[in-house]
Every structure is written in structure tokens, then in C-alpha cells.
Amino acid sequence: MVIEKPLGYNYNIGQAIEIGIDSPDFQYKLAPFTLTSLPREAYLELMIKVYSMHNGLTLALSKLEVHDQVVITEAWDSYKYQGNGTFIAGGSGITPFIPMIRELLEKNAIKNHSLIHANRKSKDMILVKELEKALDGSYFKIL
């Protein structure tokens, strides 16, 4: 999901927000998601797994259209980059590492980093090609 970043909105890599839909049907219903965009970008990117059988917030978020309104909180710390090493993620827990890896790649500082990502099914793995290219042999998938 990509949304317009509010004017003056600031956050750091690894931070999360809570998001909801500005609608009476979803009043006071917020859910936390990690921001996967880089702070300098003009938008906020969230990677949201949609649970279509639950008929809840994620499904409603997936049906939003351009100009629909959402509610977001200030960003809060979820993960902080600690330096060279191995990122270990299970399922959607990979999302905090996505902007970290993207930034390291841009800074040509990805060497000495690896990623171990476990998931139940291969179809649930996200950004496989991007991560394989970025980590060049240091991306390990476990099913």
C-alpha cells in the first residue's frame, strides 16, 4: 500500500505506524504495520498481508481507492539497525528489514550482511527477486 506522506511527517527506517480507515465503519480500528519506504521518499509504503476470510481491516484496506482517506499515527520504534550482521525474519516480520536493506544497497554498504527468512509456503515469500539481487548470495529462504 502506498499513501501520500503528510506534509512534515517524519520517521526513521525500522519504525512502524498504526493505520486505520477514516470511516464510521472502522472508527477506532487501527492496526500496526512497519513502514517499508525510505524516509526521504514522498510517500509512505506499507506491505500488508490481506486476510480475505476475516472480512476485517486488512481486507478493507486492500479495497481502498485513490482519494480514500486513512488515519495514521506518529511513527514509533519497531527495529533499529545495529550494524553488520544477519537479519533473521519469520513471515511478515521481514518488513522492518526491507528499508534497511534498500538503504544499505544504495549506500553500497550491503557487504557483510545476510538475511535468513522463514515462511510456511513459497508463495508467501515477498520481494524474493529484489532481495536475491540485493544480497547477492547472502539471502537464505527457509520453508
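In case you missed it, the structure is sitting above this.
Summary of the structure given here. All values reported here derive from a predicted model rather than from experimental measurement. Note that residues are indexed from 1 along each chain, following the sequence as it is written. For a predicted model such as this one, the threshold for reporting local features is a pLDDT of at least 70, and the threshold for listing and counting side-chain atom pairs is 80 or more; totals across whole chains, interfaces and linings nevertheless cover every residue. Side-chain measures were taken over the full set of non-hydrogen atoms in the model, leaving aside hydrogen atoms and water.

**Some thoughts on the pattern of salt bridges**
By definition here, a salt bridge exists when the distance from a side-chain nitrogen of Lys or Arg to a carboxyl oxygen of Asp or Glu is within 4 Å. Per the counting criterion, the structure on display carries 6 salt bridges. Between Glu130 and Arg102 there is a salt bridge whose closest N-O contact spans 2.7 Å. Residue Glu130 is found in helix 3 (residues 128–135), and its partner Arg102 is found in helix 2 (residues 97–106); the two are separated by 28 residues along the sequence. For Glu130, a relative accessible area of 32% puts it in the partly exposed group. Taking the shortest distance from any N to any O, the salt bridge between Lys107 and Glu103 comes out at 4.0 Å. Salt bridges linked by common partners bring Glu45, Arg102 and Glu130 together as one network. Helix and strand assignments come from DSSP, with helices taken as H or I runs of at least 4 residues and strands as E runs of at least 2, each series counted from the N terminus. Burial here depends on accessible area, computed with a 1.4 Å probe over protein chains only, as a share of the maximum for the residue type. Under 20% is buried, over 50% is exposed, and the range in between is partly exposed.

**Thoughts on helix 3**
Turning to helix 3, its buried residues are Leu131, Ala134 and Leu135. In a view along the axis of helix 3, the buried residues occupy a sector of 80°, so they form one face of it. Exposed residues lying more than 90 degrees from the buried face of helix 3 are Lys129 and Lys133. Of the surrounding elements, those touching the buried residues of helix 3 are helix 2, strand 8 (113–118) and strand 9 (139–142). Trailing helix 3 by a residue or two, Asp136 shows a phi angle of about 40°, which is positive. In this description, the arc belongs to the directions extending from the helix axis to the C-beta atoms. Should any heavy atoms of two residues lie within 4.5 Å, those residues are counted as being in contact.

**Structural notes on the pairing of strand 7 (residues 85–90)**
The pairing criterion is simple: DSSP has to find at least two bridges between the two strands. Pairing of strand 7 with strand 8 involves 6 bridges; the strand directions are parallel. Each bridged residue has a counterpart across the sheet, and for Phe87 the counterpart in strand 8 is Leu115. For the segment spanning strand 7, helix 2 and strand 8, crossover handedness is right-handed. Crossover handedness is defined by viewing with both strands directed away from the observer: a clockwise path from the first strand over the helix to the second marks the crossover as right-handed.

**What to know about the packing of aromatic side chains**
Centres within 6.5 Å make a pair out of two Phe, Tyr or Trp rings, where for Trp the six-membered ring is used; the pair is then stacked when the planes are under 30 degrees apart, edge-to-face when over 60, and tilted otherwise. Taken as a whole, this structure holds 3 aromatic pairs when the rule is applied. Each ring, one from Tyr9 and one from Tyr11, has its centre 6.4 Å from the other, and the planes form 50°; the classification is tilted. Every member of this aromatic cluster is reached through a ring pair, and the members are Tyr79, Phe87 and Phe97.

**A few points about unusual backbone geometry**
If you check the backbone angles, Asn108 has positive phi at about 55° while not being a glycine. On the basis of relative accessibility, which here comes to 71%, the residue Asn108 falls in the exposed class. A positive phi is found at Asp136, a non-glycine position, where the angle reads about 40°. Looking at Asp136, the relative accessible area reads 66%, which means it is exposed.

**Looking at the layout of surface pockets**
Considered as a void within the structure, the largest pocket measures approximately 590 Å³ in volume. If you trace the largest pocket, you find 21 residues lining it, with Lys49, Tyr51, Gly91, Ser92 and Asp124 closest to the centre. Lys, Arg, Asp and Glu make up the charged group, whereas Ala, Val, Leu, Ile, Met, Phe, Trp, Tyr, Cys and Pro make up the nonpolar group; the residues left over, Gly among them, are polar. When the residues that make up the lining of the largest pocket are grouped by side-chain class, the tally is 8 nonpolar, 8 polar and 5 charged. Detection works on a 1 Å grid of protein atoms alone, calling trapped sets that fit a 1.4 Å probe cavities and calling open sets with protein on both sides within 12 Å along at least five of seven lines pockets, with lining residues defined by an atom within 4 Å of a point. Grid points are joined across faces, edges and corners, and a volume is the space filled by probe spheres set on the points. Within this model, the second largest pocket holds a volume of roughly 350 Å³. In terms of lining, the second largest pocket is formed by 14 residues, of which the most central are Ile3, Glu4, Asp68, Gln69 and Val70. Going through the elements one at a time, strand 1 (2–4) and strand 5 (70–72) are the ones with two or more residues in the lining of the second largest pocket.

**As for the sheet that holds strand 8**
Strand order in the open sheet formed by 3 strands is 7-8-9, and the pairing between neighbours is parallel. Each end of this open sheet is capped by a strand with a single partner; those strands are strand 7 and strand 9. Neighbour-to-neighbour, the strand axes of the sheet open up by a mean angle of 15°, direction not taken into account. Docked against the sheet, helix 2 engages strand 7 and strand 8, running at close to 150° with respect to strand 7. Axis definition: a line fitted to C-alpha atoms, limited for helices to the stretch in contact. Angles are taken between N-to-C directions and run from 0 to 180 degrees. Sitting on the sheet, helix 3 is in contact with strand 8 and strand 9, with an inclination near 140° to strand 9.

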